[in-house]
Amino acid sequence: MVERPDLADELKRLADHDLAVRARLAEAGELVGGYHPEMRDVHRSNGDRLAMIVDEVGRWPGYRLVGEDGSEAAFLIAQHDIANPTLIRRCRELYALAVDNADADPRRLAYLDDRIRYLEGRPQLYGTHLGWDREGKFGPWPPLDEPDRVDERRSRLGLSLLADAIAAAREDRPPHRPVDEVLEDHRKADDFARQAGWRDEDRQRG
């Protein structure tokens, strides 16, 4: 039995709302050309509430506190609030402690690590962030740090081989995208990361 079923229910409601808004905007063809303002508002509102919950309980909302579904919902909220570097970085540290205490899914730690590295403009460790490279080909983006060791790192957290993950993700995607579209997407992503405060050194140099 979970310690805080009330928080579990709230986190699941917030995550369900996120996914419902995303599905509606995707069906309307509006999730293209950048970060949709409505989606960003949902992510920020959910993220603010997650920050309050973390402050209240003093730890990651893990299995013991909110159950597997509640912890998964909290992960989705943290992962999606990309305009809040402070929250995601804090959640990553708390999540790592929860993993050490068998209170959270270790596989999700890889996604948090790679999301942070992607937003900071650094090579990723696990290849969980897949996209189109600057030549229009689909695969790990940004590139991997020590790519010959990626499957070793993935195995430690219980992830499948990277080649299998790429193959599964590519099933519903074309083999190639026009380079000019890819470069524009990367430019927008880099601009967003700087504006959100993920790349302080880049902002200072600029």
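Residues numbered from 1 in each chain as written. Predicted model: local features only at pLDDT ≥ 70, side-chain atom pairs only at ≥ 80, totals over all residues. Heavy atoms only, no water.

Peer 1: Lay out the pattern of salt bridges in plain terms, naming residues and giving numbers.
Peer 2: Counted according to the given criterion, the structure contains 28 salt bridges. One salt bridge connects Arg134 with Asp190, and the closest N-O pair in it is separated by 3.8 Å. Placement of the pair is Arg134 in the loop between strand S1 (130-132) and strand S2 (138-140) and Asp190 in helix H8 (residues 179-196), with a sequence separation of 56 residues. Look at Arg134 and you get partly exposed, because its relative accessible area is 40%. Notably, a salt bridge pairs Arg149 with Glu146, separated by 3.6 Å at the nearest N-O pair. Looking at Arg149, the relative accessible area reads 32%, which means it is partly exposed. Overlapping salt bridges bring together Glu146, Arg149, Glu152, Arg153 and Arg156 as one network. (Salt bridge = Lys/Arg side-chain N within 4 Å of Asp/Glu carboxyl O. Helix = DSSP H or I, 4+ residues; strand = E, 2+ residues; numbered from the N terminus. Buried < 20%, exposed > 50% of the residue type's maximum accessible area, 1.4 Å probe, protein only.)

Peer 1: If you had to explain the layout of surface pockets to someone new, which residues and values would you point to?
Peer 2: Estimated volume of the largest pocket: approximately 1600 Å³. Lining the largest pocket are 40 residues; nearest its centre among them are Arg22, Ile82, Arg115, Tyr118 and His129. Residue contributions to the lining of the largest pocket peak at eight residues, all from H8. Classifying every residue of the lining of the largest pocket by side-chain character gives 18 nonpolar, eleven polar and eleven charged. (1 Å grid on protein atoms, 1.4 Å probe; cavity = no way out; pocket = protein on both sides within 12 Å on 5 of 7 lines; lining within 4 Å. Points joined across faces, edges and corners; volume = space filled by probe spheres on them. Nonpolar A, V, L, I, M, F, W, Y, C, P; charged D, E, K, R; others polar.)

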